[in-house]
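# Tertiary structure, described
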Amino acid sequence: MRHPGESAVQRRAGITREDWGSARARAEIPEVAAAFLREQRLLVAGAADDGGRVWAGLLAGPRGFADAEDDRTLVLRALPAAPDPLHGLFERERDIGLLAVEPRTRRRMRANGTAVRAGDALVVRTEQVYANCPKYIQTREPTADPGTPGVLGRGAALTPRHLAWIERADTFFVATRAAGLGADVSHRGGNPGFVRVTGARSLTFPDYQGNGMFMTLGNLELDPAAGLLFPDWETGETLHLTGRARVDWDPGGVPGAQRLVHVELDEYVHTTGTLPRAWTPPGYHRFNP
């Protein structure tokens, strides 16, 4: 089924292919994707809570914690840990977006579908499985394990430390969803400073040239709810933001930008203990503007 939001954004961007976007993603998990997932220790997940707010969070475990039980079923032997905003959401089945990204090799893949808790695992029925190109991924490797999970703060307005954190970021993740069409989580990367803070409750990021599928912007065309996740690679802390996003088709002279995305924040949660606490220095992608 064609995604009307993606189609609208593609038309405006001048993409005329009829078979382009999430409609061409297969539901089955190919063996190469299953093998890649089994090697991962960290997945990014995105989902909407019962109030319609979208969050991005993390799922972590030893290699093999994510495995394909059959060609449409992923079993993740990990649950979102409190205080991750996704904690407790999968007591009943709901849409989920999953992103496996391996910074060391710049490989990444997405697996979207529905998920429900089964004991100590999350069972995912896939609807869309596909690989993405390595653009804008910075290479790095973990050098320490995660610490003890904990919450370091929550609120509506970002603190000066959070603002500085966002402005030096070279990577974040964005989750979106559209009713009846599922959830999605995507990677965004660039050189430090590519995300611009415009206030204690607002920020702007550029949309660079990508694969033209517009799965993130297509969802935003239908539902402005968005969740952003900023990792701190030095401390292992994570900053989870939820709010509303709108696309500005005037790139405003921002280098490399084809359009801008403005985000108004409703709430943040600042956590620790899921992300490894230290990583090697980044190797910036040569296509970063």
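What this report covers is the structure whose coordinates are included nearby. (Residues numbered from 1 in each chain as written. Predicted model: local features only at pLDDT ≥ 70, side-chain atom pairs only at ≥ 80, totals over all residues. Heavy atoms only, no water.)

### Things to note about the nonpolar core
In this structure, L76 and L98 are the most contacted members of the largest nonpolar core, which totals 28 residues. Elements that contribute at least two residues to this core include exactly α2 (31-38), β1 (42-48), β2 (54-60), β4 (73-76), β5 (94-102), β6 (107-118) and β7 (121-132). When neighbours within four sequence positions are excluded, L98 is seen to be in contact with V44, A45, L59, L74, L76, M109, R110, A111, N112, V124 and V185. In terms of nonpolar packing, the next biggest core, distinct from the first, is built from 27 residues, Y136, W165, V174 and Y268 among them. (Core = buried A, V, L, I, M, F, W, Y, C linked by side-chain atoms within 4.5 Å. Buried < 20%, exposed > 50% of the residue type's maximum accessible area, 1.4 Å probe, protein only. Helix = DSSP H or I, 4+ residues; strand = E, 2+ residues; numbered from the N terminus. Contact = heavy atoms within 4.5 Å.)

### Looking at the layout of surface pockets
The volume enclosed by the largest pocket comes to roughly 600 Å³. Along its surface, the largest pocket is lined by 35 residues, and Q40, V101, P103, P142 and W279 are the ones closest to its centre. Within the residue set of the lining of the largest pocket, elements represented by two or more residues are α2, β1, β2, β5, β9 (171-178) and β13 (225-231). Classifying every residue of the lining of the largest pocket by side-chain character gives 20 nonpolar, 7 polar and 8 charged. (1 Å grid on protein atoms, 1.4 Å probe; cavity = no way out; pocket = protein on both sides within 12 Å on 5 of 7 lines; lining within 4 Å. Points joined across faces, edges and corners; volume = space filled by probe spheres on them. Nonpolar A, V, L, I, M, F, W, Y, C, P; charged D, E, K, R; others polar.)

### Remarks on the side chain of N288
Residue placement: N288 occurs in the segment after β15 (257-272). For N288, the side chain forms a polar contact with the side chain of Q138, separated by 3.1 Å. N288 has contacts with Y136, Q138, G190 and N191, leaving out every residue within four places of it along the chain. (Polar contact = N/O pair within 3.5 Å; in protein donor to acceptor, adjacent residues only side chain to side chain.)

### Regarding the packing of helix α1 (residues 4-13) against helix α4 (residues 215-222)
Where α1 meets α4, the closest approach of the two axes is 7 Å, and the angle between their N-to-C directions is 110°. Judged by the inter-axis angle, α1 sits roughly perpendicular to α4. Contact residues: P4, G5, E6, A8 and V9 in α1; M215, L217, G218, E221 and L222 in α4. When the residues that make up the contact of α1 with α4 are grouped by side-chain class, the tally is 6 nonpolar, 2 polar and 2 charged. (Axes fitted to C-alpha atoms, helices over the stretch in contact; angles between N-to-C directions. Parallel < 35°, antiparallel > 145°, perpendicular 65-115°, else oblique.)

### What to know about helix α3 (residues 160-167)
By the burial criterion, the buried members of α3 are H162, W165 and I166. Along the axis of α3, the buried residues cluster in a sector spanning 95°; they form a single face. The inward-facing, buried residues of α3 contact β11 (196-199), β12 (202-208), β13, β14 (237-248) and β15. (Arc of directions from axis to C-beta.)

### Describing empty space enclosed by the protein
A full pass over the atoms with the stated rule returns 1 cavity of 30 Å³ or more. As for the largest cavity, its lining consists of H3, E6, S22, N112, Q128, L181, G182, A183, D184, M215 and N219. Ranked by residues supplied to the lining of the largest cavity, first place goes to strand β10 (residues 182-189) with 3 residues.

### Re α1
Listed in full, the buried residues belonging to α1 are G5, E6, S7, V9 and Q10. Structurally, α1 contributes buried residues whose contacts are with α4. Of the residues flanking the end of α1, it is G14, one or two places downstream, whose phi is positive at about 85°.

### With respect to unusual backbone geometry
Looking along the chain, the bond that leaves A82 and enters P83 is cis, with omega of 10°. One non-glycine residue, Y136, lies in the positive phi region at around 70°. Assignment of secondary structure puts Y136 in the loop between β7 and β8 (150-155). In this structure, F214 takes a positive phi of about 55° despite not being glycine. Tracing the sequence through the fold places F214 in the loop between β12 and α4. Residue class for F214 comes out buried when judged on its relative accessible area of 12%.

### Here we look at the packing of aromatic side chains
For the structure shown, the criterion picks out 6 aromatic pairs. Where W233 meets W279, the ring centres are 4.8 Å apart and the plane angle is 75°; that geometry is what we call edge-to-face. Residue W233 is located in the loop between β13 and β14, and its partner W279 is located in the segment after β15; the two are separated by 46 residues in the primary sequence. The class for W233 is buried, based on a relative accessible area of 14%. Residue classification places W279 among the buried residues on the basis of a relative accessible area of 15%. Taken together through their ring pairs, the aromatic side chains of Y136, F172, F194, F205, Y208 and F230 make up a single cluster. (Phe/Tyr/Trp six-rings, centres within 6.5 Å; stacked < 30°, edge-to-face > 60°.)

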